Amino acid sequence: MAPAVALRRVAPRLPGRAQTLVRWGVDEDMAKTLPAYFDRYGWQFERRRTDLYRTGFAGDTGQYEIWLRATDNWVYFTINPYIRAEGEPLPTPALRLLLELNYTVNLAKFLVDNDGDIALNVELPAEGFSYSHFADALTALSHYADEHRRAFDEAMGETGGEVV
Amino acid sequence: MSDDELNDPDDVRSGPGPSALCERLVGMFDDFGWPYERNGPLTLRTHLGGENGTFVALVRVTEHWVVATINPFCARPEGGFGPVALKLMAGANHLANMAKVGIDPVGDAFLTVELPSEGFADSHLYDALAALTHYADQFTIPLLQANRIDRLNGGH
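Residues numbered from 1 in each chain as written. Chains lettered and ligands numbered in written order. Predicted model: local features only at pLDDT ≥ 70, side-chain atom pairs only at ≥ 80, totals over all residues. Heavy atoms only, no water.

For the rest of this paragraph, the subject is the overall build of chain A. When you go through chain A residue by residue, the secondary structure sums to 5 helices and 7 strands. Moving toward the C terminus, one meets the helices and strands of chain A in the order α-α-α-β-β-β-β-α-β-β-α-β. Each of the 164 residues in chain A was classed as buried or not, and the buried ones make up 55%. Intrachain contacts of chain A at a sequence separation of at least 6 include 63% that bridge at least 24 residues. Surface exposure of chain A reaches about 7000 Å², of which carbon and sulfur atoms provide 47%. (Helix = DSSP H or I, 4+ residues; strand = E, 2+ residues; numbered from the N terminus. Buried < 20%, exposed > 50% of the residue type's maximum accessible area, 1.4 Å probe, protein only. Contact = heavy atoms within 4.5 Å. Areas by Shrake-Rupley, 256 points an atom, 1.4 Å probe, with all protein chains shown as cover.)

Here it is in structure tokens:
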């Protein structure tokens, strides 16, 4: 999976003052901090750039790749694709499940990206970002990815979805 | 990041506590000049004015989170949301930085922002409410249109 696909985002479009806060890049402190956080969490990781990291885990339902991208203002964690649509429209039950799960999952959200794939994201502000946020994000992603995979497989029905 | 933080085996969180943080939020509302009313000891209610409407938002403080929500963002249509509306909302989650779109247990669509209370900054409240206002405004008309299309397609 190419990082550009995994972490493609549109620039946030917030009105007024918030718009001026959005700058892309990563400060030096964060570039030093993130590897230390990975080490403390005990997960292996691959540093692709100073602002881009790849890690992953094996759960009960499969292996999942997590990408972390840091900017001046935000830290993004994502499993993308969580379920690959393979160019087919997602079935209505899967869309409904995704939106209903967004009520129950804390910190994280399920979404459909521009390729039509289902992804699982955590987005946190860089200001005040601490180890507990980092740990919460990885824990949430790994827990929710594994917990809800079978429900998504069922909701995908015969159109299937590639396990990634 | 300090060495203490890295080496602390107990991962002790240093949040201010929900009550103290809620009082801080009240101060932020006052500083920003935004109207609000209390809706419980740890919940504030405010109105967010967008170009396409005014939205009622609740800002709730818990031990670990500050949650700002517009619910209902769009009330459940008769028969529930149809395929076009569901696809629109699922894709909206990709466009919406910070914010999350979903369906609650009674079938209403909601829009929410969740931020950790630890390290909560004044700018976070501003960004959260700005995001809610922006995305509520951005998604309202397309969602109403999607509901209409679903109804025309029948079954919703």
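This part is about the overall build of chain B. Per the secondary structure count, chain B includes 4 helices and 6 strands. Reading chain B from its N end, one meets helices and strands in the order α-α-β-β-β-β-α-β-β-α. Within the span of chain B, comprising 156 residues, buried residues form 49% of the whole. Within chain B, residue pairs in contact and separated by at least 24 positions form 58% of the contacts whose partners lie at least 6 positions apart.

Consider a sheet: its strands pair through backbone hydrogen bonds, and that pairing is either parallel or antiparallel. Spatially, the 6 strands line up as an open sheet ordered E1-E2-E3-E4-E6-E5 (chain B), and their pairing is antiparallel. Edge positions in the sheet fall to strand E1 (37-38) and strand E5 (99-103) of chain B, since each has one partner strand and no second. In terms of strand pairing, strand E2 (residues 43-50) of chain B meets strand E3 (residues 53-61) of chain B through 8 bridges, oriented antiparallel. Pairing of Gly50(B) across the sheet is with Gly53(B), part of E3(B). Packing of helix H4 (residues 92-104) of chain A onto the sheet brings it into contact with E5 and strand E6 (109-116) of chain B, and relative to E5(B) it is tilted by some 115 degrees. (Pairing = 2+ DSSP bridges. Axes fitted to C-alpha atoms, helices over the stretch in contact; angles between N-to-C directions.)

Residue and element names in this part refer to chain A. Taken as a whole and assessed by the stated rule, the structure comprises 10 salt bridges over all chains. Here Arg48 makes a salt bridge to Glu46, at a shortest N to O gap of 2.5 Å. Look at Arg48 and you get partly exposed, because its relative accessible area is 36%. The class for Glu46 is partly exposed, based on a relative accessible area of 30%. In this structure, the salt-bridge partner of Arg149 is Asp153, at a minimum N-O distance of 3.0 Å. Separated by 4 residues within a single helix, Arg149 and Asp153 lie in helix H5 (residues 131-156), roughly one turn from each other. Through salt bridges with shared partners, one network takes in Glu46, Arg48, Arg54 and Glu65. (Salt bridge = Lys/Arg side-chain N within 4 Å of Asp/Glu carboxyl O.)

With that settled, the discussion passes to the pairing of strand E4 (residues 65-74) of chain B. Regular strands show a simple pattern: their side chains alternate between the two faces of the sheet. Residue and element names in this part refer to chain B. Of all 10 residues making up E4, 8 are buried, and the element is well covered by its neighbours. Taken together, the 4 bridges between E3 and E4 define a ladder with antiparallel strand orientation. Its bridge partner lying in E4, Val61 is registered against Val66. Linking E3 back to E4 in an antiparallel pair, the connection comprises 3 residues. Note: E4 against E6, 7 bridges, orientation antiparallel. The residue bridging Cys74 from the neighbouring strand is Ala109, located in E6.

Residues and elements named next belong to chain B. By the criterion of burial, E6 is predominantly enclosed, with 8 of the 8 residues buried. Neither face of E6 is exposed, since Ala109, Leu111, Val113 and Leu115 on one face and Phe110, Thr112, Glu114 and Pro116 on the opposite face are all buried. Two successive antiparallel strands, E5 and E6, enclose a turn made up of 5 residues, where Gly107 displays a positive phi of approximately 95 degrees.

All names here are of chain A. On average, chain A scores 82 in pLDDT, and the residues at 70 or more come to 79%. The least confident element of chain A, judged by mean pLDDT, is helix H1 (residues 3-6) at 28; the most confident is strand E5 (residues 108-112) at 98. Taken as a whole, residues 159-164 scores under 50 in pLDDT and shows 17 contacts with residues more than four places along the chain or in a different chain. (pLDDT = per-residue confidence, 0-100.)

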